[in-house]
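Chain by chain, the residues run as shown.
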Amino acid sequence: PNKCAIFDLDGVLVDTAKYHYLAWKELAEKLGFEFTLEHNEMLKGVSRMTSLDILLEVGHMKDAFTEEEKVKMATEKNNRYVEYISNIDESEILDGALPLLQELKQKGIKIALGSASKNAQIILKNVGLEKYFDVIVDGNSVSKAKPDPEVFTLGAKTLGIPYEECVVFEDSQAGLEAAKIVGMLAVGVGQEKDLTNADVVYSSLKDFKIEQYF
Ligand code: BG6
Ligand code: MG
């Protein structure tokens, strides 16, 4: 039986993917090219600096900047993003997330966060979800980014739960791939066409059948 649920944050529990998109789009516009929602799919689950590299590739500017300039651009994007998320509240919690967290808690299932974001703590705090987590692993606690599974395995290890007894909830291909590498069940949240790495896909957490998995 599964004993642990590991949640990605952006795009799974909270509706913050749209703010990442807006902030990246603004940067692209400044650089003189368009960054579409379709391009944005490639950034989901991906670390900040890798996201920038992908964005620059879209604008055919891959080798146009020094490392220092790139750090400056990523910082600028992050400042914009932090502005967006600094005022969010529980209205940004995605459909079905709260009842699922509550039910898992009631059943005694351990709950971990496995997010690539360095802003995870502030988001959890602003939307009031902090208290549900037995362990929080985010972009500050790991050195390797998804699809490396470190962000999930660290949580499982901390809780002392075998990987095969963990269920991962993800809205990104990179994250689903990471879960599968270590034998965790990979639940995609989003559209089936975008999430081909998943074991099973739900368009929303509110459709997730908890009794089938826990
Ligand atoms: C992930 C998002 O959760 O966090 C990515 O899906 C984002 O889009 C990544 O790039 C890193 O986030 P941050 O907040 O540290 O820039
Ligand atoms: Mg995500």
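Residues numbered from 1 in each chain as written. Chains lettered and ligands numbered in written order. Predicted model: local features only at pLDDT ≥ 70, side-chain atom pairs only at ≥ 80, totals over all residues.

- Labelled according to an unreviewed UniProt entry, the protein chain appears under the name Beta-phosphoglucomutase, originating from Lederbergia citrisecunda.
- For the protein chain, the Sequence similarities (unreviewed entry) comment in UniProt is given as "Belongs to the HAD-like hydrolase superfamily. CbbY/CbbZ/Gph/YieH family."
- Under the UniProt heading Catalytic activity (unreviewed entry), the note attached to the protein chain is "beta-D-glucose 1-phosphate = beta-D-glucose 6-phosphate". (UniProt positions renumbered as here; feature names shortened; annotations may be inferred.)

1. Remarks on the pairing of strand β4 (residues 166–170)
- With respect to burial, β4 is a largely interior element, five of its five residues being buried.
- Where strand β1 (residues 4–7) lies against β4, four bridges are found, and the strand directions are parallel. By the bridge assignment for β4, F7 is matched with F169.
- Two elements, β4 and strand β5 (residues 185–189), share four bridges in a ladder whose sense is parallel. Residue V167 lies in a different strand from β5, and its bridge partner there is L185.
- In this region the chain leaves β4, passes through helix α8 (residues 173–181) and returns to the parallel neighbour β5; the handedness of that crossover is right-handed. (Buried ≥ 20, exposed ≤ 12 C-beta atoms within 10 Å, placed from the backbone. Helix = DSSP H or I, 4+ residues; strand = E, 2+ residues; numbered from the N terminus. Pairing = 2+ DSSP bridges. Right-handed = clockwise from strand over helix to strand, strands pointing away.)

2. Describing the confidence of the model for the protein chain
- Of all residues in the protein chain, 100% have pLDDT values of 70 or greater, and the mean over the chain is 97.
- This complex was scored by the predictor with a pTM of 0.95 and an ipTM of 0.98. (pLDDT = per-residue confidence, 0-100.)

3. Points about the packing of helix α1 (residues 17–31) against helix α4 (residues 67–85)
- Packing of α1 against α4 brings their axes to within 9 Å, and their N-to-C directions diverge by 140°. Between α1 and α4, the crossing angle belongs to the class labelled oblique. Crossing of α1 against α4: the hand is right-handed. Counting all contacts with α1, which are made through Y19, H20, L22, A23, W24, E26 and L27, the residues of α4 involved are M73, E76, K77, R80, Y81, Y84 and I85.
- Residue classes in the contact of α1 with α4 are distributed as nine nonpolar, one polar and four charged. (Axes fitted to C-alpha atoms, helices over the stretch in contact; angles between N-to-C directions. Parallel < 35°, antiparallel > 145°, perpendicular 65-115°, else oblique. Left-handed = near helix turned anticlockwise from the far one by under 90°. Contact = placed C-beta atoms within 7 Å. Nonpolar A, V, L, I, M, F, W, Y, C, P; charged D, E, K, R; others polar.)

4. Things to note about the nonpolar core
- Core analysis: the biggest nonpolar cluster contains 52 residues, and F152 and V168 have the highest contact counts within it.
- Excluding anything up to four places from it in sequence, F152 contacts I6, G114, C166, V168, A178, A179, V182 and M184. (Core = buried A, V, L, I, M, F, W, Y, C linked by C-beta atoms within 7 Å.)

5. Re the environment of V71
- You can see V71 is positioned in helix α4.
- Along the chain, V71 and M49 lie 22 residues apart, while their C-alpha atoms are 7.7 Å from each other.

6. Some remarks on the packing of helix α3 (residues 48–58) against α4
- Where α3 contacts α4, the axes come no closer than 10 Å and their chain directions differ by 105°. With respect to their mutual orientation, α3 and α4 come out roughly perpendicular. Contact residues: R48, M49 and L52 in α3; K70, M73, A74 and N78 in α4.
- The class makeup of the residues in the contact of α3 with α4 is four nonpolar, one polar and two charged.

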